[in-house]
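Residue-level structure breakdown
Residues per chain are reported as follows:
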Amino acid sequence: MSRSKRKWDHIRLALATGQERKAGFEDITFIHQSLPNISLEQVKLDTRIGELSVSSPIFINAMTGGGGDRTKEINRDLAMAAKELEMAISVGSQMSALKDPTEVESYQVIRQAYPNGIIIGNLGSEATIDQAKTAVEMIEANALQIHLNVVQELTMPEGDRNFCSALKRIEDIVKSLSVPIIVKEVGFGMNKETVTKLLSIGVSAVDVGGFGGTNFAKIENNRRESAFSFFNDWGIPTTVSIAEAKAAGRGVSVIGSGGVQNSLDIAKAIALGADAVGVAGYFLKILMKERVEALVKELHLIHGEIAMMMTALGARNILELQQVPIIISGNTHHWLSERSIDTKQYSQR
Ligand code: FNR
């Protein structure tokens, strides 16, 4: 199967399998404040993704490129929506364009549509230093995501089977590139120990890519003759994974993502410790089912709603939202207790 065909299969199957509501957000409750002592106009939404300053806490996460004109159009629309709200945006894996130069423009369209934007490149952990440099130059990327997707590869009929030395390759890239490196999962989540290993090689930002939203085991199982159904419920829910990543240490900038579908999910991810929140499948669905105008409308709505919630909570900025008290219950509480991650630090601050 050609890479270009696979890109389109991923979009089609992501829309068909949809978003699961299993990311754990129902386990998080804000503690209501009757005296927030704040006015809506004081609320500011700017934040940092690792070393990058961004004006929105939400960004469009890696999805596509490399599938000819259809993926070029999607990327142009996503870039236009990101520009309207001054949000950061990631491109999908650029390996297709490294293998086939005719695909380069399906990625560069994002830089053309959003010349001053914060645009993040994307490659897998099999990438070499030279490939990483070329990917950054291709779109004048402000940062590079390296994705970890072991379960997706194993489920993919034509996927990788050898995952040795990924950490070493990432370390080489971190040391050789001038832009920040963000290591991300793709919907299976990251645990504390993984984040600790990444910190030890100089990675300063991780995107947890938690379980509970777009499900790449199900997507790839749809492309197999006999399904690896044991991977369908595999992964660390997003809420758990954000807390796991934060528990790895203060030095890490955490991006919360995986199954984020509304402003409340975003506020909860930030209260768990995320500096910013990435959304992929939910935005893709709006774009493909409605149009770019509908996506822009939704993005305005979400930003307005986050500001409303921050007002109710008395949080003037994202740093203060990260400190509001929350109650963690259910499966998320159980998981964190088993992993000796203290949930009272969230409820009694
Ligand atoms: C993705 N995702 C992804 N991630 C990545 O690092 N490189 C990639 O090329 C892609 N490709 C891709 C295609 C499509 C169609 C979707 C929907 C997603 C994964 C994405 O960035 C994200 O980590 C997961 O989708 C989980 O987030 P959501 O979709 O639940 O918000």
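So, here is what we can say about the structure in this document. (Residues numbered from 1 in each chain as written. Predicted model: local features only at pLDDT ≥ 70, side-chain atom pairs only at ≥ 80, totals over all residues. Heavy atoms only, no water.)

**Things to note about the overall build of the protein**
Cut-off, in case you're wondering: Each helix is a run of H or I in the DSSP string that is no shorter than four residues. Each strand is a run of E no shorter than two, and both are numbered from the N terminus. For a compact globule the rule gives 2.2 Å times the number of residues to the power 0.38, and the radius of gyration it is set against comes from C-alpha atoms. Relative accessible area decides the class of each residue, using a 1.4 Å probe on protein chains only: under 20% of the type maximum gives buried, over 50% gives exposed, and in between gives partly exposed. For this analysis, residues touch if any pair of their heavy atoms sits within 4.5 Å. We get accessible surface area from the Shrake-Rupley algorithm with a probe of 1.4 Å; when it comes to residues, only the shown protein chains can shield them.
Along the backbone of the protein there are 16 helices and 12 strands. For the protein, whose C-alpha radius of gyration is 19 Å, the value lies close to the compact-globule estimate of 20 Å for 349 residues. Counting every position in the protein, which comprises 349 residues, the buried fraction comes to 58%. The contacts in the protein between residues at least 6 apart in sequence include a share of 75% that link residues at least 24 apart. Of the roughly 14,700 Å² of accessible surface on the protein, a fraction of 50% belongs to carbon and sulfur atoms.

**Comments concerning the nonpolar core**
To be explicit about the condition: In this text, buried Ala, Val, Leu, Ile, Met, Phe, Trp, Tyr and Cys residues form a nonpolar core when linked through side-chain atoms within 4.5 Å.
L144, I170, V206 and F283 are the most contacted members of the largest nonpolar core, which totals 96 residues. Considering each element in turn, this core owes the most residues, 11 residues, to helix α13 (residues 292-313). Of all hydrophobic cores here, the second largest spans 12 residues; its members include I49, A88, I118 and I120.

**Section: the site of the ligand**
Using the following cut-off: Throughout, near means a residue has at least one heavy atom within 4 Å of the molecule or strand. Nitrogen and oxygen atoms within 3.5 Å of one another constitute a polar contact, given that in protein one can donate a hydrogen and the other can accept it, and given that sequence-neighbouring residues count only through two side-chain atoms. Here the term charged refers only to Asp, Glu, Lys and Arg, the term nonpolar to Ala, Val, Leu, Ile, Met, Phe, Trp, Tyr, Cys and Pro, and the term polar to all other amino acids, Gly among them.
What surrounds the ligand is a group of 23 residues, the closest being A62, S93, T214, G259 and G281. Here A62 contributes a backbone N or O atom positioned 2.7 Å from an oxygen atom of the ligand. Note that an oxygen atom of the ligand is positioned 3.4 Å from one of the side-chain N or O atoms of H147. Those elements giving two or more residues to the shell around the ligand turn out to be α1 (3-17), β8 (181-185) and α12 (281-289). Looking at which element gives the most residues to the shell around the ligand, the answer is α1, with 3 residues. When grouped by side-chain class, the residues that make up the shell around the ligand number 9 nonpolar, 12 polar and 2 charged.

**Side note on the packing of aromatic side chains**
Which entries qualify depends on this criterion: Centre distance within 6.5 Å is the pairing criterion for rings of Phe, Tyr and Trp, where only the six-membered ring of Trp is used; planes under 30 degrees apart are then read as stacked, over 60 as edge-to-face, and the remainder as tilted. Lysine NZ or arginine CZ positioned within 6 Å of the ring centre and within 35 degrees of the ring normal marks a charge as sitting over the ring.
Enumeration over the complete set of coordinates arrives at 5 aromatic pairs. Look at F231 and W234: their rings are 5.0 Å apart centre to centre, the planes differ by 80°, and that puts the pair in the edge-to-face class. A ring pair is formed by Y282 and F283, whose centres lie 6.1 Å apart and whose planes are at 45°; its orientation type is tilted. Side by side, Y282 and F283 carry an identical accessibility label, which is buried. Ring-pair connections join several aromatic residues into one group, and the members of that group are F228, F230, F231 and W234. Over the ring of W8 we find R70, and its NZ or CZ is 3.9 Å from the ring centre.

**Here we look at the pattern of salt bridges**
Test applied: Each salt bridge in this description consists of a side-chain nitrogen of Lys or Arg and a carboxyl oxygen of Asp or Glu lying within 4 Å of one another.
Enumeration according to the criterion identifies 15 salt bridges in this entry. A salt bridge links E158 to R6, with the shortest nitrogen-to-oxygen separation between them at 3.2 Å. Taken together, the positions of E158 in the loop between α6 (150-155) and α7 (166-176) and R6 in helix α1 put the pair 152 residues apart, joining distant regions of the chain. With relative accessibility at 35%, the residue E158 sits in the partly exposed group. For R6, a relative accessible area of 14% gives the class buried. When the shortest N-O distance is used, the salt bridge between R223 and E220 registers 2.5 Å. One network of salt bridges, in which partners are shared, links K5, R6, D9, R12, E158, E220 and R223.

**Let's talk about the pairing of strand β6 (residues 119-124)**
Both faces of the sheet carry side chains from a regular strand, because those side chains alternate between them. Put simply, the rule is: When DSSP finds at least two bridges between two strands, those strands are taken to pair. Handedness of a crossover is defined as follows: orient the strands so they point away from the viewer, and if the path from the first strand over the helix to the second runs clockwise, the crossover is right-handed.
With 6 of its 6 residues buried, β6 lies for the most part within the structure. Burial of β6 is two-sided: the residues I119, G121 and L123 facing one way and the residues I120, N122 and G124 facing the other way are all buried. Here strand β5 (residues 88-90) pairs with β6 via 2 bridges, running parallel. Among the inter-strand pairings, S90 is bridged to a residue of β6, identified as I120. Following the backbone out of β6, through helix α5 (residues 129-139) and into the adjacent parallel strand β7 (residues 143-148), one traces a crossover that is right-handed.

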